[in-house]
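# Architecture and fold: a report
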Amino acid sequence: MESEKEFLAKYDLSKYDRPSVTTDVVAFMISSEDKTSYRKNPENKLRLLLIKRGGHPFKDMWALPGGFLQKGETIEECALRETQEETNVLPVSIMPVGVFSKPDRDPRGWIISNAFVSVVSEESVKQFGSDDASDAQWFSVSFEMGEESRYHLSLSFEEIELNAVLSEEKTSFGRSSYRIINSGGLAFDHAAIIATALTALRNEARNYDAIFDFLPEKFTLTAFQKVQETIMNISILPANFRRMVSNYVEETDEYVRGEGHRPAKLFRRKNKT
């Protein structure tokens, strides 16, 4: 019987068709709108990072940051590298969303995408277009179910409006997948990737752990609540929210002062034991 070394010496990998491998990163940020009055808290907006493609295919269309896996790097390293090269934003953390492998998803050929969702703090953002991106911008996000159980994904930046329509294909292991009915001007199958990532992020935000990635080390409970409400598109009574998060946060001895407001106590994430 031949040894493994002998087997590998004769093994011909070229006998098998192999796809190209890419990553796509769904990077979210929560931004605060400017205050119009100190008596009213600023509104929070969920935003998504998109690049405008500088070359074919889908030239001049908006897409997620991402690119091809290079020799010697992991999928996660590729996702972080491509995001930084195209946008100058380096996510602190990324979470796998799924593998997108439909044969016709990319007109260039058999290309499989590994999608990730990431969280970028508002303070760290300084986006620009580079590499194969001609522009990069943060789009406000809306994703809701409409008539006939169809989902509407709306992305807007200044005068640009992208409106995709999708249907839910299936849900397994707590994750949903979507079929594109109208891409709304988004490149490739990125409308489906965005819908899948946003659904996964909303599910994660239910247990609060994902929320901390949107916040600085120390934060007010009001800021914490606004982040969860923005991600999940819900409203929560402050008293109920404070009770629900009591096992996840701890008080500090510090306060934040704002114009016209009483000092608010700062909290931080409670260490897991």
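A brief look at the structure comes next. (Residues numbered from 1 in each chain as written. Predicted model: local features only at pLDDT ≥ 70, side-chain atom pairs only at ≥ 80, totals over all residues. Heavy atoms only, no water.)

## A short note on the pairing of strand S8 (residues 150–157)
Side chains Tyr151, Leu153, Leu155 and Phe157 project from S8 onto a buried face, and the interleaved Arg150, His152, Ser154 and Ser156 project onto a face without burial. By the bridge criterion, 8 bridges tie S8 to strand S9 (residues 160–172) in an arrangement that is antiparallel. Of the residues in S9, the one forming a bridge with Leu153 is Ala164. Counting the residues between successive antiparallel strands, the hairpin from S8 to S9 contains 2 residues, one of them, Glu158, with a positive phi of roughly 50°. (Buried < 20%, exposed > 50% of the residue type's maximum accessible area, 1.4 Å probe, protein only. Helix = DSSP H or I, 4+ residues; strand = E, 2+ residues; numbered from the N terminus. Pairing = 2+ DSSP bridges.)

## Concerning the packing of aromatic side chains
If you walk through the whole model with that rule in mind, you get 15 aromatic pairs. Look at Phe219 and Phe224: their rings are 5.4 Å apart centre to centre, the planes differ by 75°, and that puts the pair in the edge-to-face class. For the pair Phe219 and Phe224, one class covers both residues: buried. Ring pairs connect the aromatic residues Tyr208, Phe212, Phe219, Phe224, Phe241 and Tyr248, which therefore count as one cluster. (Phe/Tyr/Trp six-rings, centres within 6.5 Å; stacked < 30°, edge-to-face > 60°.)

## A word on the pattern of salt bridges
Summed over the entire model, instances satisfying the criterion amount to 15 salt bridges. One salt bridge in this structure joins Glu148 and Arg150, with 4.0 Å as the shortest N-O distance. What makes Arg150 partly exposed here is its relative accessible area of 35%. Between Asp209 and Arg269 there is a salt bridge, with the nearest N and O atoms lying 3.3 Å from each other. (Salt bridge = Lys/Arg side-chain N within 4 Å of Asp/Glu carboxyl O.)

## Some words on the nonpolar core
Within the largest apolar cluster, 51 residues are counted, with the highest numbers of intra-cluster contacts made by Phe28, Leu50, Leu153, Leu155 and Phe224. Here this core takes 9 residues from helix H3 (residues 190–205), the largest share from any one element. Discounting chain neighbours no more than four positions away, the residues touching Leu50 are Trp62, Ala63, Leu64, Asp135, Ala136, Gln137, Phe139, Leu155, Leu162, Leu186 and Ile194. (Core = buried A, V, L, I, M, F, W, Y, C linked by side-chain atoms within 4.5 Å. Contact = heavy atoms within 4.5 Å.)

## Comments concerning helix H4 (residues 221–232)
Here H4 spans 17 Å end to end across 12 residues, near enough to the 16 Å set by a 1.5 Å rise per residue. Along H4, 9 of the 12 residues are buried, which leaves the element largely enclosed by surrounding structure. Taken residue by residue, H4 has Leu221, Phe224, Gln225, Val227, Gln228, Glu229, Thr230, Ile231 and Met232 as its buried positions. Residue Asn233 follows H4 closely and has a positive phi angle near 60°. (Expected span 1.5 Å × (residues − 1).)

## Things to note about the sheet that holds strand S12 (residues 249–256)
Strands sit in the order S11-S13-S12 across an open sheet of 3 strands; the sheet is antiparallel. A strand with exactly one partner marks an edge of an open sheet, and here the two such strands are strand S11 (218–219) and S12. The pairing of S12 with strand S13 (residues 264–269) spans 5 bridges and is classified as antiparallel. Bridging from a neighbouring strand, Val249 pairs with Arg269 of S13.

## Re the environment of Lys59
Position of Lys59 relative to the elements: it lies in the loop between strand S2 (44–53) and strand S3 (62–63). In this structure Lys59 comes out as partly exposed when scored by relative accessible area, which is 38%. Discounting chain neighbours no more than four positions away, the residues touching Lys59 are Arg53 and Gly54.

## Describing the packing of H4 against helix H5 (residues 238–245)
The angle between the axes and the distance between the axes are what describe a pair of packed helices. Orientation of H4 relative to H5, taken along the N-to-C sense of each, is 95°, at an axis distance of 11 Å. Considered as vectors, H4 and H5 are oriented roughly perpendicular to each other. Contact residues: H4 offers Leu221, Phe224, Gln225 and Gln228, while H5 offers Pro238, Phe241, Arg242 and Val245. Of the residues belonging to the contact of H4 with H5, the class tally is 5 nonpolar, 2 polar and 1 charged. (Axes fitted to C-alpha atoms, helices over the stretch in contact; angles between N-to-C directions. Parallel < 35°, antiparallel > 145°, perpendicular 65-115°, else oblique. Nonpolar A, V, L, I, M, F, W, Y, C, P; charged D, E, K, R; others polar.)

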